[in-house]
Amino acid sequence: MADKQISLPAKLINGGIAGLIGVTCVFPIDLAKTRLQNQQNGSRLYTSMSDCLIKTIRSEGYFGMYRGAAVNLTLVTPEKAIKLAANDFFRHHLSKDGKLTLLKEMLAGCGAGTCQVIVTTPMEMLKIQLQDAGRLGKRKLQTAIGRPHLMPETVAAGTVETKSPTAMQLTRQLLREKGIAGLYKGLGATLLRDVPFSIIYFPLFANLNNLGKRGAEGPAPFYVSFVSGCVAGSTAAVAVNPVDVIKTRLQSLNRASTEDTYSGVTDCIRKIMRNEGPAAFLKGAYCRALVIAPLFGIAQVVYFLGVGEFILSFLPKKDN
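Reading guide: rules and limits
- Residues numbered from 1 in each chain as written.
- Predicted model: local features only at pLDDT ≥ 70, side-chain atom pairs only at ≥ 80, totals over all residues.
- Heavy atoms only, no water.
- UniProt positions renumbered as here; feature names shortened; annotations may be inferred.
- Helix = DSSP H or I, 4+ residues; strand = E, 2+ residues; numbered from the N terminus.
- Contact = heavy atoms within 4.5 Å.
- Areas by Shrake-Rupley, 256 points an atom, 1.4 Å probe, with all protein chains shown as cover.
- Core = buried A, V, L, I, M, F, W, Y, C linked by side-chain atoms within 4.5 Å.
- Buried < 20%, exposed > 50% of the residue type's maximum accessible area, 1.4 Å probe, protein only.
- Axes fitted to C-alpha atoms, helices over the stretch in contact; angles between N-to-C directions.
- Parallel < 35°, antiparallel > 145°, perpendicular 65-115°, else oblique.
- Left-handed = near helix turned anticlockwise from the far one by under 90°.
- Nonpolar A, V, L, I, M, F, W, Y, C, P; charged D, E, K, R; others polar.
- Disulfide = S-S within 2.5 Å.
- Expected span 1.5 Å × (residues − 1).
- Bend = angle between axes of the 7 residues up to and from the residue.

For the chain, an unreviewed UniProt entry supplies the name Mitochondrial glutamate carrier 1 and the organism Nothobranchius furzeri. UniProt, in the comment section headed Catalytic activity (unreviewed entry), describes the chain in these words: "L-glutamate(in) + H(+)(in) = L-glutamate(out) + H(+)(out)". Its UniProt record gives the chain the following Sequence similarities (unreviewed entry) comment, quoted word for word: "Belongs to the mitochondrial carrier (TC 2.A.29) family."

Written out as C-alpha cells, the structure is:
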C-alpha cells in the first residue's frame, strides 16, 4: 500500500471492498466483544467469547450473530475509505522527498482517525444498540423467571419473544428525539479511541512493512504486508481497548435495571473503577484484537492485489 502510488478512486474502492469482506468475516466476534464489554458485575451472562457465541446461536439462531451487520456493511465502505485515503493524503503532504519522520507518521494517523469519526460514530451508535438487544432480552427473561408471579405464563415457562428495532427505526427515533446529536452520542469517546488507534497503527504498519522490503526501494512481499497489517491492527486495538469499553458503555441507550448509567467519559471511568475494578477496561480486548487484525490484514491484501485499479481499468477513459 505504501510502496506504490494509487489514485484516490482506487483507494476508495480498495478500502470499501476490504471493509465489506472484513466485516462479513469477523462480525460475530465483534458482537461478542460488544456484549462482553457491556455486561457489568452482577449481570454477567457470558464468561468468554466462545460462551457468548454459543449462547447467542442457541437463543437467537445463527443469524443472531449478525445483528447490526447491515449497518456496518452499509457504512463500513465510506468509513474505511475515509480512514485509508485520509492517511495516504496526510502522509503525502507531510512527506519530504518521499520520507516521513515518526512524528509526521503519527500526525498523519491522527488526521486519518479524526476524519473517520464523521462516519464511525453514528455507525457504532446504531450497531451497538442492535448487537446488545439480545443480551438485554435475555437479562429481562432471567429477571422475569425469577419473579414468575409478576409475568405472563410464557415468560415464567422460560420462553419470550424480544423484538429488536431496525436500524432505520433507531435512526428515526434518535433524530426525532435528539436531532443529529443523537446519532453522535459518544463522539468524544470515539475520538479518544480512533485517533490514538490511528496514531499507533499507521506508523507501526509502515515500519513493519519496511522491514520486509526487497532491497532499499523494492516493494514488500504480499505476506509481509498481510502480517504487518494484522500485527499493527491487533496491537493498536488492545492499546485503546479501555477507551473502547468506555465508548461502548456511553453509546448503549438501553440497560438492565441493575446496570449503571453514565453521564460522560469521566463519570463512566469513575463508576467502572469503583464497581468493577481496572480489569473491566480490558473486557473484550482479545475479541477486539481478533476483529481488527483480520480487518487490516485483508485491507493490505486488497491494496496489494490492486482490486480498485483492476475495477477502474474497465471504465472508459476520458479523452484529453
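Moving on from the model shown.
Q: Hey, could you run me through the overall build of the chain in this one?
A: Counting secondary structure elements, the chain contains twelve helices and zero strands. Starting at the N terminus and ending at the C terminus, the chain contains elements arranged as α-α-α-α-α-α-α-α-α-α-α-α. Partitioning the contacts of the chain with sequence separation of at least 6, the portion at a separation of at least 24 is 80%. In the structure as shown, the chain presents an accessible area of about 15,600 Å², 65% of it carried by carbon and sulfur atoms.

Q: Where do I start with the nonpolar core in this structure?
A: What tends to happen in soluble globular proteins is that the nonpolar side chains get buried as a cluster. Of all hydrophobic cores here, the largest spans 35 residues; its most connected members are Met49, Phe197, Tyr201, Val291, Ile292, Leu295 and Phe296. Broken down by element, the residue count for this core peaks at nine residues, all from helix H11 (residues 285–305). The contacts of Tyr201, once residues within four sequence positions are left out, are Gly229, Ala232, Gly233, Ala236, Phe296 and Gln300. Counting nine residues, the second largest nonpolar core, distinct from the first, contains Ala189, Ile246, Leu250 and Ala280.

Q: Can you help me understand the environment of Gly264 in this one?
A: Note that Gly264 resides in the loop between helix H9 (241–251) and helix H10 (265–275). When its relative accessible area of 18% is taken as the criterion, Gly264 is described as buried.

Q: Got a minute to help me understand H9 in this structure?
A: Since the α-helix turns once every 3.6 residues, residues separated by three or four places project in the same direction. The buried count for H9 comes to nine of eleven residues, which makes it a mostly enclosed element. Considered for burial, the residues of H9 that qualify are Asn241, Asp244, Val245, Ile246, Lys247, Thr248, Arg249, Leu250 and Gln251.

Q: I'm lost on the UniProt feature "transmembrane region" (unreviewed entry) in the chain in this one. Help?
A: Mapped onto this structure's residue numbering, the UniProt feature "transmembrane region" (unreviewed entry) falls at residues 12–29 and 291–315. With 100% helix and 0% strand, the stretch residues 12–29 has end C-alpha atoms that lie 26 Å from each other. End C-alpha atoms of residues 291–315 are separated by 34 Å, and the span's content is 84% helix alongside 0% strand.

Q: Is there a simple way to explain the packing of helix H1 (residues 8–38) against H11 in this structure?
A: A pair of packed helices is captured by two measures, namely the crossing angle of their axes and the spacing between those axes. As a packed pair, H1 and H11 sit with axes 8 Å apart at the nearest point and diverge in direction by 170°. In terms of orientation, H1 and H11 fall into the roughly antiparallel class. Crossing hand, H1 versus H11: right-handed. Residue classes in the contact of H1 with H11 are distributed as 17 nonpolar, three polar and four charged.

Q: Looking at this structure, I do not really get the state of the cysteines. What am I missing?
A: A disulfide bridge is the covalent bond that connects two cysteines by way of their sulfur atoms. All told, the structure shown has zero disulfides when counted by the stated rule. For the unlinked cysteine Cys52, the closest cysteine sulfur is that of Cys287, found at 7.7 Å. By relative accessible area, Cys287 is classed as buried at 0%.

Q: What is the right way to look at H1 in this model?
A: Compared with an ideal rise of 1.5 Å per residue, which puts 31 residues at 45 Å, H1 spans 38 Å between its outermost C-alpha atoms and falls more than 12% short. Where H1 bends most, at Val26, the angle is about 60°, and the proline Pro28 comes one to four residues later. Summarising burial for H1: 22 of the 31 residues are buried, a large majority.

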